[in-house]
Amino acid sequence: MTKLTQLDRRWIFLAMGLVVAAALLVDLKMPVTISQDVRRAYDLIDSLPAGTPVLFSWDYDPGSMPELHPLADAMLRHAMRKDLKVVMMGHWVTGIPLIERQIGEVIRKDFPGKAYGTDYVNLGYKSGQYVVVVSMAQNIYDAFPQDYYHNRTDTLPLMRKVRSLKDVAAIVSFSAGDPGLLMWIQFAWQRFRIPVTGGCTAVSAPEFSAYLQSNQLQGLMGGMRGAAEYEMLIGRPAMATTGMSAQSLGHFLIIAFIIIGNIAYFAIRKREEK
Amino acid sequence: MKKTLPLTITFLAGFYMILAFFVPHKIIAASAQEMQSWEIIIVAFTLVLGIGNLIQVHADKIHRQKSGWYYSLVLLICLVSMMVIGLFWGISEGTVYYWLYDNVMAPLSAAMFSLLAFFIASAAYRAFRARNKEATLLLVAATIIMIGRIPLGNVIWHHLPWLGAKFPNALEGLTQWIMDIPNAAGQRGIKIGAALGAVSMALRMLLGIERSYLTTGGGN
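These lines cover the structure that appears in this document, whether it is placed above or below. (Residues numbered from 1 in each chain as written. Chains lettered and ligands numbered in written order. Predicted model: local features only at pLDDT ≥ 70, side-chain atom pairs only at ≥ 80, totals over all residues. Heavy atoms only, no water.)

## Observations concerning the nonpolar core
Residue and element names in this part refer to chain A.
Here is step 1: Among the nonpolar cores identified, the biggest contains 45 residues, and Phe56, Trp58, Met75, Leu76, Val86, Met88 and Tyr230 are the most heavily contacted of them.
Here is step 2: Mapped onto this core, the elements with two or more residues apiece are helix H3 (36–46), strand S1 (53–59), helix H4 (65–81), strand S2 (85–90), helix H5 (96–110), strand S4 (171–175), helix H11 (223–233) and helix H12 (239–273).
Here is step 3: Top contributing element to this core by residue count: H4, with nine residues.
Here is step 4: With residues up to four places along the chain from it excluded, the contact list for Trp58 reads Ala72, Leu76, Met88, Met89, Gly90, His91, Trp92, Leu98, Ile99, Gln102 and Phe174.
Here is step 5: Residues Phe144, Leu156, Ile194 and Leu220 belong to the second largest nonpolar core, which totals 40 residues. (Core = buried A, V, L, I, M, F, W, Y, C linked by side-chain atoms within 4.5 Å. Buried < 20%, exposed > 50% of the residue type's maximum accessible area, 1.4 Å probe, protein only. Helix = DSSP H or I, 4+ residues; strand = E, 2+ residues; numbered from the N terminus. Contact = heavy atoms within 4.5 Å.)

Set out below in structure tokens:
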């Protein structure tokens, strides 16, 4: 038993690596049930009539990409299908090229008829966090005089309709931390009553329970599971749904390690008591 | 004067922003908006301060040849390279900056994040022990959440001979209950406490009781 408690952690790493790799290779098909929180996020976007402007904020960097990229993919795809007008931006400077990547993967590839400036706009990054949000609520041209491609914001047809944050029907934040979803709730919803929804990494999902209950947050997609649920709702299983088998087996392996660790711990404690 | 002037500016600026929040007059709203625009400039300068601090810390490490100094050298070379490439050749698609971002930074960051799974497994094995009542409670709740939040957990539950058939939604219900009731209650407590702390700190700063922001890092 003492040997078990002193197990070299490299064995644990190896086991985890093998389990995740095997799950990704085999891709076990597992049914994903839809939670209330993801359903609410979906319903918010689904209820908007065609032509309604929404704001999508990429508040993450490549570090959280494995979890948040499928989420943003599914939601952007849904918005494009619904013919919503998407204003894009981000609060993480290292995450801005991810917007470009998503435009390429989703809009240019699967919605080639959508035109830049009319159907979607990439405002890029502006430092200032909550100050940018408040400033956007007063006048979006002041906060972003130019878009990501150095076009004057007030010359873009979509941005002529969206003069301030109050002109968007909903804000969607894909958030890996601060600044992110919480900041949008505190400033966009709390001060200007603009509905906020979005997704976050699985580890930060519990933080938003209170905001969901008070309806300050209109739905939430927590990590890859949330993304898989959204993929199911739009009827297009993709990256997150595939990742569910790896995540499932990974969780079970962690639980197995916890059980083994506790058995060893109690056996040693019993022996010491004797 | 060295202290009185910053304290006066802090008081007046802070008080004016509070006033603007409660008085919706045009003149006050417009001037408050202008002040908030200035704040964007101030916040942008924190980026400069951050880079300055990063260079200072790592240059010192290289100069003194402290352990792992070569990592600092790599960091500074990467920082300067990305800045120069981005400034002179642009950051849009098809540029060298974009290629480096796509093929070096993005995969490295994603790899760092994915290492979490390995470390969580190792930490859970070594430290997650049912040592007392509280630890046992945490362990049980965490296990239920971990099983309840994955599709395989629900599949197994539904196939359990007696439990799954009699209570098909019990696992999902229990998982949701843990998230909605004990978790949300705890989160609320933390958030209310933090908010009260932030309000009291803001008031202390406005009234000039808290002056640590006037001092340098050494507290002089």
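There is more to say after this.
## Some thoughts on the sheet that holds S2(A)
All names here are of chain A.
Here is step 1: Strands sit in the order S3-S2-S1-S4-S5-S6 across an open sheet of six strands; the sheet is parallel. Across the chains shown, the open sheet's two edge strands, defined by having one partner strand only, are strand S3 (120–125) and strand S6 (220–222). Shown here is a sheet whose adjacent strand axes are inclined to one another by a mean of 15°, direction ignored.
Here is step 2: Note: strand S5 (residues 196–200) against S6, three bridges, orientation parallel. Across the sheet, residue Cys200 finds its bridge partner in S6, namely Gly222.
Here is step 3: Those strands touched by helix H9 (residues 181–192) are S1, S2, S4, S5 and S6, and its axis lies near 170° from that of S5.
Here is step 4: Here H11 sits on the sheet and contacts S5 and S6; the angle it forms with S6, its principal contact strand, is near 125°. (Pairing = 2+ DSSP bridges. Axes fitted to C-alpha atoms, helices over the stretch in contact; angles between N-to-C directions.)

## Examining a nonpolar patch on the surface
All names here are of chain B.
Here is step 1: The grouping of Phe11, Leu12, Phe15, Leu19, Val199, Leu203, Leu207 and Ile209 at the surface amounts to a nonpolar patch, some 760 Å² of accessible area in total.
Here is step 2: Secondary structure elements with two or more residues in the nonpolar patch: helix H1 (4–22) and helix H8 (170–206).
Here is step 3: With four residues, the single largest contributor to the nonpolar patch is H1.
Here is step 4: Among the structural elements, Leu207 can be located in the segment after H8. (Patch = residues over 30% accessible without salt bridge, like charges linked within 9 Å, V, L, I, M, F, W, Y side chains within 5 Å. Areas by Shrake-Rupley, 256 points an atom, 1.4 Å probe, with all protein chains shown as cover. Salt bridge = Lys/Arg side-chain N within 4 Å of Asp/Glu carboxyl O.)

Note that every value here comes from positions in space, so none of it alone points to a role or purpose.
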